[in-house]
Amino acid sequence: MFAESRPFHVAPHRLPAWKAVLPIGGHAELRQAGRPVVTAPGLIVPPQLVHSCAATSPYVALFIDSWLLPLPSRPGPIRLDAGMVRRLLAALGTTGSDGPGTDADLAAGYTELRALAGDPAPLDPRVAHAIHLCTSRDPDLPIASLADEVGLSAPRLRALVRRDVGIALVRLRQWGRLSTAIAGLPESTAALAAATAGFADQAHFTRTARDFIGRTPASLRRAEAQGAP
């Protein structure tokens, strides 16, 4: 979860995860090249959709790993009406216009999202274990070693992950690194967060953040310094 107590706009990006944009009192706007602007009280954006996004008010953004919701049945965003947005914000524990605190109930928010989007298909246990290894436990493990760990060839593992998750294994690995690095930003510098997460350097961290979430580590640190949770 990320939240800001002000309107904000993010540059074009391609996120390898689901994203729910929940404005508090305003609306969300999504732009894709060559398409009309999509405007709604809230939006659920499927993985891998190239877009820019804005909220016209304080907002909450939820990022959900791609395998935790069903594969998208259509390529575009899902509009949420005002009542759906209120239910999701209430599940998180948001009151008034202040946004959620650090004790937000993410499990309840996820339950509400599943009620809207449906339940995901069960993952092949080998795929689930490989994803856990490369996104959480050991992101530096070579893909060949990862495949050996789950008893598959590297090409077969890549094919199964793309079939079941819809995203290349190497991109999932980068998403795990980015999540780790961003979580470390409040307590460390961008350079230290990048090194801890396994990026080659701070520039690599910055490029990945721009590509995946449409903003830089510096902009996230500025938001925190200005009082955004």
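The structure this text deals with has already been given above.
My aim in this report is to walk through the structure given alongside it, one point at a time. The structure presented is a predicted model; accordingly, all values stated were derived computationally and were not measured.

1. Brief notes about the packing of helix H3 (residues 125-137) against helix H4 (residues 143-150)
Two elements in contact, H3 and H4, have axes whose closest approach is 9 Å; the angle formed by their N-to-C orientations is 140°. Between H3 and H4, the interaxial angle falls into the category oblique. As for how H3 packs across H4, the hand of that crossing is right-handed. Side by side, H3 and H4 meet where Arg126, His129, Ala130, Leu133, Cys134 and Arg137 of the first sit next to Leu146, Glu149 and Val150 of the second. A class-by-class count of the residues in the contact of H3 with H4 yields five nonpolar, one polar and three charged.

2. Details of the pattern of salt bridges
Taken as a whole and judged by the stated rule, the model has eight salt bridges. Glu4 serves as the salt-bridge partner of Arg6, at 3.0 Å between the closest nitrogen and oxygen. Judged by its relative accessible area of 27%, Arg6 falls in the partly exposed class. The partner of Arg215 in a salt bridge is Glu4, with the nearest N and O atoms 3.0 Å apart. Residue Arg215 is located in the loop between helix H8 (202-213) and helix H9 (217-225), and its partner Glu4 is located in strand S1 (residues 2-4); the two are separated by 211 residues in the primary sequence. Three or more residues are tied together by salt bridges with common partners; here these are Glu4, Arg6 and Arg215.

3. Brief notes about the layout of surface pockets
Considering only enclosed or pocket space, the second largest pocket measures out at about 170 Å³ in volume. Lining of the second largest pocket is provided by 13 residues; of these, Gln32, Arg35, Val38, Gly76 and Pro77 occupy positions nearest its centre.

4. Quick word on the sheet that holds strand S8 (residues 59-65)
Strand order in the open sheet formed by five strands is S1-S8-S3-S6-S9, and the pairing between neighbours is antiparallel. Lying at the two open borders of the sheet, with one neighbouring strand each, are S1 and strand S9 (78-80). Averaged over all neighbouring strand pairs, the angle between strand axes comes to 15°, with direction disregarded. Pairing between strand S3 (residues 17-23) and strand S6 (residues 42-45): three bridges, direction antiparallel. Across the sheet, residue Val21 finds its bridge partner in S6, namely Leu43. Across the sheet, helix H1 (residues 82-92) is in contact with S3, S6, S8 and S9; its angle to S3 comes to roughly 100°.

5. As for the sheet that holds strand S7 (residues 50-55)
If you walk across this open sheet you meet the four strands as S2-S7-S4-S5, and the pairing is antiparallel. Since the sheet does not close on itself, it has two edges, and those belong to strand S2 (8-14) and strand S5 (38-40), each with one partner. On average, adjacent strands in this sheet sit at an angle of 15° to one another, irrespective of strand direction.

6. Remarks on the side chain of Asp124
Note on placement: Asp124 falls in the loop between helix H2 (106-117) and H3. Within the local environment of Asp124, its side chain forms a polar contact with the backbone nitrogen of Arg126, the two atoms lying 2.8 Å apart. Residues within four places of Asp124 in sequence aside, it is in contact with Leu160 and Asp164.

Reading guide: rules and limits
Residues numbered from 1 in each chain as written. Predicted model: local features only at pLDDT ≥ 70, side-chain atom pairs only at ≥ 80, totals over all residues. Heavy atoms only, no water. Axes fitted to C-alpha atoms, helices over the stretch in contact; angles between N-to-C directions. Helix = DSSP H or I, 4+ residues; strand = E, 2+ residues; numbered from the N terminus. Parallel < 35°, antiparallel > 145°, perpendicular 65-115°, else oblique. Left-handed = near helix turned anticlockwise from the far one by under 90°. Contact = heavy atoms within 4.5 Å. Nonpolar A, V, L, I, M, F, W, Y, C, P; charged D, E, K, R; others polar. Salt bridge = Lys/Arg side-chain N within 4 Å of Asp/Glu carboxyl O. Buried < 20%, exposed > 50% of the residue type's maximum accessible area, 1.4 Å probe, protein only. 1 Å grid on protein atoms, 1.4 Å probe; cavity = no way out; pocket = protein on both sides within 12 Å on 5 of 7 lines; lining within 4 Å. Points joined across faces, edges and corners; volume = space filled by probe spheres on them. Pairing = 2+ DSSP bridges. Polar contact = N/O pair within 3.5 Å; in protein donor to acceptor, adjacent residues only side chain to side chain.

Interpretation note: all reported values are geometric properties and have no functional meaning in isolation.
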